[in-house]
Amino acid sequence: MAMLGIGFGLTTIRYPGIDRRVASLSPTAWYDPSDLSTLWQDTGKTTAVTAADDPVRVVEDISGNGNDLVAPSDAARPLYKTAGGLRWLEFDGTDDAMADAFTLVRPWERITALRVLTYVNSTAMLDGYTLSGGRLRMIAPDPGLNFFAGSSLDFTDEVATGNDFVATMRGDGSSSRVAIDGNAYATGNAGTNDPDGVSVGARGGLTALFSNMRYYGDFIKSGTMSDADIATVRTWAAGKAGVSL
C-alpha cells in the first residue's frame, strides 16, 4: 500500500479534483476555512476548531508557504460557522480581523468568496497587510463596492447585503481590474500601494473599518494569471460559497 504514494505529492493526496488544480497554480497564500484541519483557536495551535461558533485565532496557509492568517488578540477572533452544507468564518464588524505579512508586490491577483452581512459605508472587507494596499471596501450608495490601493477604482456591479459573491482583483497600478462573480472587469487605476501581505475583516493595520461579513475562501498570487487559470480559482471559490458564476 505504501507504494501507492510514490509519485504523488501531499497536495495531490489532500486536495483532489478542483483543489488540486488550484494548488498547481502555485499560490502565494491560500486559505480554506471549510477545512477544519487548518483552523486553530490559539496561536500555539494546541486547541483545534471543531464545532460551529468556535473562535478562530489562526487559519493555516494551505499553499505550503507558511503565510498563516492570525487574529491579533483573542477578542479579534472571528467565529467558525456552518449551515446548509457551507462553512465560513464570520467577522462581527466590531473588532474581528486577521492578517499576515509576506512578500506581495505588484502585480498580484486575489480571488475571494465573501458575503456582506451589514452594510456600513467605507468599511474594509479585504486589504493588504499595509494600509490601503489593495482594499475591497463597501462604498455608498448601498450596496456599492470599491477597489483601493492608493486610488479608487469604482465599478458598477452591486452586491446586495446577504448575498454571497466572488471578488476577483488584480493590483497593477493603472492596469488594475476588479470583477464580481463572472461579470466583466472594471479596469483602471487602483493605485500603486503594494500590499506586503493580506488583511481580512478590516483595513490594513487592523485598527479600524471593521466589516460584518462572511469569509469563505481566499487565493492570493504574486504576478498575473491567465483567464483560464483565474476561471479555475473562481470555480473553487464559488463552490465554497455556493455561488453560481
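Note: the structure precedes this text.
Here the residue index of a chain counts from 1 through its sequence in written order. Where local features are concerned, this predicted model is filtered to residues with pLDDT of at least 70; where side-chain atom pairs are given and counted, the filter is 80 or more; whole-chain, interface and lining totals use all residues. Neither water nor hydrogens contribute to the side-chain values; these are computed over all heavy atoms in the structure.

Participant: How should the overall build of the protein be read in this particular structure?
Facilitator: Each helix is a run of DSSP H or I of at least 4 residues and each strand a run of E of at least 2, with the numbering of both proceeding from the N terminus. Within the protein, the secondary structure is distributed over 3 helices and 17 strands. Along the three orthogonal principal directions, the C-alpha set of the protein runs to about 60 × 40 × 35 Å. Each of the 245 residues in the protein was classed as buried or not, and the buried ones make up 54%. Two residues qualify as a contact provided that any one of their heavy atoms is within 4.5 Å of a heavy atom in the partner residue. The long-range fraction of contacts in the protein, counting pairs at least 24 apart against all pairs at least 6 apart in sequence, stands at 62%. Accessible surface, the protein: about 9,800 Å² in total, of which carbon and sulfur atoms supply 50%. Taking the 20 positively charged and 29 negatively charged side chains of the protein as two groups, their mean positions are separated by 3 Å. A simple rule labels every residue: compare its accessible area, found with a 1.4 Å probe on the protein chains alone, to the largest value its type can have, and call it buried under 20%, exposed over 50%, or partly exposed in between. What sets the accessible areas is the Shrake-Rupley method with a 1.4 Å probe; for residues, cover comes only from the shown protein chains. Charge assignment in this entry is limited to Lys and Arg as positive and Asp and Glu as negative, and neither His nor the chain termini are counted. Here the site of a charge means NZ on Lys, CZ on Arg, CG on Asp, or CD on Glu.

Participant: Explain the pattern of salt bridges to me, please; I cannot follow it from the model alone.
Facilitator: By definition, a salt bridge exists where a carboxyl oxygen of Asp or Glu is found within 4 Å of a side-chain nitrogen of Lys or Arg. Under the criterion given, the structure shown has 12 salt bridges. A salt bridge links Lys-81 to Asp-53; the shortest N-O distance between them is 2.5 Å. Here the residue Lys-81 occupies a position in strand E5 (residues 79-83), and Asp-53 occupies one in the loop between strand E2 (39-40) and strand E3 (58-59), the gap between them amounting to 28 residues. Residue Asp-53 is classed as partly exposed on the basis of its relative accessible area of 42%. Between Arg-57 and Asp-74 there is a salt bridge; the shortest N-O distance is 2.9 Å. Taken together, the residues span a long stretch of sequence, with Arg-57 in the loop between E2 and E3 and Asp-74 in the loop between strand E4 (69-70) and E5 at a distance of 17 residues.

Participant: Looking at this structure, I do not really get the packing of aromatic side chains. What am I missing?
Facilitator: Here a pair means two rings of Phe, Tyr or Trp (six-membered ring of Trp) with centres within 6.5 Å. Their orientation is stacked below 30 degrees between planes, edge-to-face above 60, and tilted elsewhere. Summed over the entire model, instances satisfying the criterion amount to 4 aromatic pairs. Relative to Trp-236, the ring of Trp-30 has its centre 5.7 Å away and its plane inclined at 70°; by these criteria the two rings are edge-to-face. With a gap of 206 residues between them, Trp-30 in strand E1 (residues 29-31) and Trp-236 in helix H3 (residues 227-241) connect regions that are remote in the sequence. One exposure class covers both Trp-30 and Trp-236, and it is buried. Judged by centre distance (6.0 Å) and plane angle (80°), the rings of Trp-108 and Phe-147 are edge-to-face. One end of the pair, Trp-108, is in strand E8 (residues 108-118); the other, Phe-147, is in strand E11 (residues 144-148), with 39 residues separating them in the sequence.

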